[in-house]
Amino acid sequence: MTTPAPKSAAGNLATFNILHGFPEALVRGMRSSFLVDADYHHLTQCETLDDVRLNLSETDYMEALEDMNTLIPTGLQKAAVEKLVTEVKYLRTQAIEPLSTFIDFITYEYMIENVMLLLKGTLSGRDINELIAQCHPLGMFKESTMRSIPTFESTPRGYQDLYQTVLVDTPVGPYFAQFLQESSDRSEVSNVLEEVEIEIIKSSLIKYWIEDFAKFVDSLGGETAVIMGDLLKVRADTNAINITLNSFGTPLNEPAMRASDRKRLYPAVGHLYPAGTSMLADVGDEDELGRVLELFPMYSSIWNVHSAGSDGKSIDDAFYERDVQMLELAFEGQMHCAPFYAYVKLKEQEIRNLVWISECILQQQKEEIHKFVPVFSFNAPWRAGSNKNSRR
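Given the structure is predicted, the values throughout are model-derived calculations rather than measurements. (Residues numbered from 1 in each chain as written. Predicted model: local features only at pLDDT ≥ 70, side-chain atom pairs only at ≥ 80, totals over all residues. Heavy atoms only, no water.)

(A) View of the overall build of the protein chain. Counting its regular elements, the protein chain contains 20 helices and 0 strands. For the protein chain, contacts bridging at least 24 residues in sequence account for 65% of all contacts bridging at least 6. Summing over all exposed atoms, the protein chain offers an accessible surface of approximately 19200 Å²; the carbon and sulfur share of this is 53%. (Helix = DSSP H or I, 4+ residues; strand = E, 2+ residues; numbered from the N terminus. Contact = heavy atoms within 4.5 Å. Areas by Shrake-Rupley, 256 points an atom, 1.4 Å probe, with all protein chains shown as cover.)

Next comes the structure, spelled out in C-alpha cells:
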C-alpha cells in the first residue's frame, strides 16, 4: 500500500509559509505601491493632464508612463493595466499549487469577458483587430485562438463548432459547456448563442465561475476559505442585486421569466442565497427590491444610498466603497491567499480613480473630480472613526 502524497493546504498555518511565503511577501510589499492621500490631493489640484503626468512621475507609475509623449485618459488606463498585468504574471511565476490555481481563477473572469466581447463583435461584424485591442490583457488566449473565433459562420451549427473546436480548449470552456447543457436541458433551440442576449450568457458564465471559485476556495480551508469565501459571497450577492435591478423594463422582468430565466442567473452562493435569491426572483420593481434588501442589514444601507440619491451616489458607487473596505481588510490577516485577489481588485479601483480624475480635468469638470473611492485612505469613512478614537 503506497502512502498518499501530503496535501498542500493553502490555509494551513503550519505549511503556508513553506509553500507560499515568498509570493505572499511580494504581494504585501506591492501594497506600498498604492497612491496615498497626498498623491490624490495633488492630482485633484492639477489643471492639465501634463500636471497629472508630472505628479504621477513621483509614484509607482513613473516607469509605466515614461514612454508616453502625450497623456490621455485612455493611454493612462492602458499603461496602468499593462503594469498590473506584468505584476500579476510575475506573482504567478513565483507560485506553486494550490496558489497558482488560485491566481489562475482570478484571470478566468477576464477570459469570460474577452470571449463575450469577441462573440458580440462577431454578431455585429466588427473588425477582429479592433476587438482584440479592447480585450483585457489578463484574459488573453493565444493569438490564433483569439483570431479563430470570428471565422465561424453566424449560424447555429457555426456556434456549435466554435465551442467544440475552440472554446473547449480554453480554461473557461467548462463554463460554456455547462451553459449549453443547461440550455439544452430546458429544451431550448440549438442556436442559443445566436438568439439569447450576450449579457445573459455572460451573467450565466460569471455565475458558474463564482460558484467554481467558491468551491475551490472552500476546499483550501483555513483563513483562505473564511476571508476569500466571504469576498466571493459578497461578489455573488452584488451580481444577483444588479441582475435584478437591470432586468426592470426588459423581458427578464416579465412574470413568466422571473422564476425561470432570471432566477437561474443568480449564483448559488452568497449571503442572500437561498432565501434572499428566492425573494429576488419574485421582485417586479425597485420598491419591491428595496423591501427585500431591507431584510438584510448589510445591503439595506447600500440600497438606501441608491434610493436617496444623496451626494450624487449610485448603487455602483456604494458597492465600490463596500468592496474597497472588504478588500483592504483582506490584507490584515496572515497566511492566506485572499491578498492576491484583493491586490488585483484594489488596483482596478485605483485605475478607475486615475481615469476619472484625468477625464474630469480634460473635460473641465473639476466640481466632479472628488467622486472617486481612494484605496487605503486614512480619510475613508470606515477608517476615520478609528483615527479619531486613536487621537483621544
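(B) Highlighting the packing of aromatic side chains. Enumeration over the complete set of coordinates arrives at 10 aromatic pairs. Arranged with centres 5.7 Å apart and planes meeting at 75 degrees, the rings of Phe331 and Phe376 form a pair that is edge-to-face. One end of the pair, Phe331, is in the loop between helix 18 (315-329) and helix 19 (338-362); the other, Phe376, is in the loop between helix 19 and helix 20 (381-390), with 45 residues separating them in the sequence. Accessibility assignment for this pair places Phe331 and Phe376 in one class, buried. Members of the aromatic cluster, connected to one another through ring pairs, are Phe102, Phe105, Tyr108, Trp209, Phe213, Phe216 and Tyr341. Looking at Lys83, its charged tip hangs above the ring of Tyr61, at a distance of 5.1 Å from the centre. (Phe/Tyr/Trp six-rings, centres within 6.5 Å; stacked < 30°, edge-to-face > 60°. Buried < 20%, exposed > 50% of the residue type's maximum accessible area, 1.4 Å probe, protein only. Lys NZ or Arg CZ within 6 Å of the ring centre and 35° of its normal.)

(C) Representation of the packing of helix 18 against helix 19 in the model. Here helix 18 crosses helix 19 at 140 degrees, and the two axes come no closer than 9 Å. Put simply, helix 18 runs oblique to helix 19. Along this stretch, helix 18 crosses helix 19, giving a crossing that reads as left-handed. In this structure, helix 18 contributes Tyr320, Val324, Leu327 and Glu328 to the contact, and helix 19 contributes Tyr341, Ala342, Lys345, Leu346, Gln349 and Arg352. In the contact of helix 18 with helix 19, the residues fall into 6 nonpolar, 1 polar and 3 charged. (Axes fitted to C-alpha atoms, helices over the stretch in contact; angles between N-to-C directions. Parallel < 35°, antiparallel > 145°, perpendicular 65-115°, else oblique. Left-handed = near helix turned anticlockwise from the far one by under 90°. Nonpolar A, V, L, I, M, F, W, Y, C, P; charged D, E, K, R; others polar.)

(D) Summary view of the side chain of Glu348. Of note, Glu348 is situated in helix 19. Ignoring sequence-local partners within four residues, the contact set of Glu348 consists of Leu84, Tyr110 and His136.

(E) Layout of unusual backbone geometry. Of note, the bond from Glu97 into Pro98 is cis; its omega dihedral lies within 30 degrees of zero at 0 degrees. Structurally, the position occupied by Pro98 is in the loop between helix 5 (73-93) and helix 6 (99-124). Backbone torsion omega between Tyr273 and Pro274 reads 0 degrees, so that peptide bond is classified as cis. With respect to the element layout, Pro274 can be found in the loop between helix 14 (255-262) and helix 15 (275-280). In this structure, Gln364 is a non-glycine residue whose phi angle is positive, near 55 degrees. Among the structural elements, Gln364 can be located in the loop between helix 19 and helix 20. Accessibility expressed as a relative area gives 67% for Gln364, which makes it exposed. Its identity is not glycine, yet Phe376 carries a phi of approximately 55 degrees, on the positive side. With a relative accessible area of 14%, Phe376 lands in the buried category.

(F) Spotlight on the confidence of the model for the protein chain. Here the protein chain shows a mean pLDDT of 88. Residues at 70 or above account for 89%. Segment residues 188-195: pLDDT under 50, and 17 contacts once partners within four positions in sequence are set aside and those in other chains are kept. Predicted confidence for residues 387-392 stays below pLDDT 50, and this span has 1 contact to residues more than four positions away or in other chains. (pLDDT = per-residue confidence, 0-100.)

(G) Spotlight on the nonpolar core. Counting 120 residues, the largest nonpolar core has Phe102 and Phe213 as the members making the most contacts within it. Look past the residues within four positions of Phe102 in its chain and what remains in contact with it is Phe213, Phe216, Val217, Leu220, Thr224, Met228, Cys337, Ala338, Phe340 and Tyr341. (Core = buried A, V, L, I, M, F, W, Y, C linked by side-chain atoms within 4.5 Å.)

(H) Expanded view of the side chain of Glu109. On the secondary structure map, Glu109 appears in helix 6. On the basis of relative accessibility, which here comes to 4%, the residue Glu109 falls in the buried class. In terms of polar contacts, Glu109 uses its side chain to reach the side chain of Arg235, at 2.7 Å. Filtering out sequence-adjacent residues up to four positions away, Glu109 remains in contact with Ile206, Trp209, Arg235 and Lys345. (Polar contact = N/O pair within 3.5 Å; in protein donor to acceptor, adjacent residues only side chain to side chain.)

(I) Focus on helix 13 (residues 222-247). With 26 residues, helix 13 should reach 38 Å at 1.5 Å per residue; the first-to-last C-alpha distance of 37 Å fits that figure. With respect to burial, helix 13 is a largely interior element, 19 of its 26 residues being buried. Just downstream of helix 13, Gly249 is the residue with a positive phi angle, here 85 degrees. (Expected span 1.5 Å × (residues − 1).)

(J) Summary view of helix 5. With 21 residues, helix 5 should cover 30 Å at 1.5 Å per step; its first-to-last C-alpha distance of 30 Å lies within 8% of that length. The set of residues buried in helix 5 consists of Pro73, Gly75, Leu76, Ala79, Ala80, Val81, Lys83, Leu84, Val85, Glu87, Val88 and Leu91. In this structure, the buried side of helix 5 is in contact with helix 1 (16-30), helix 3 (49-56), helix 4 (62-65), helix 6 and helix 19.

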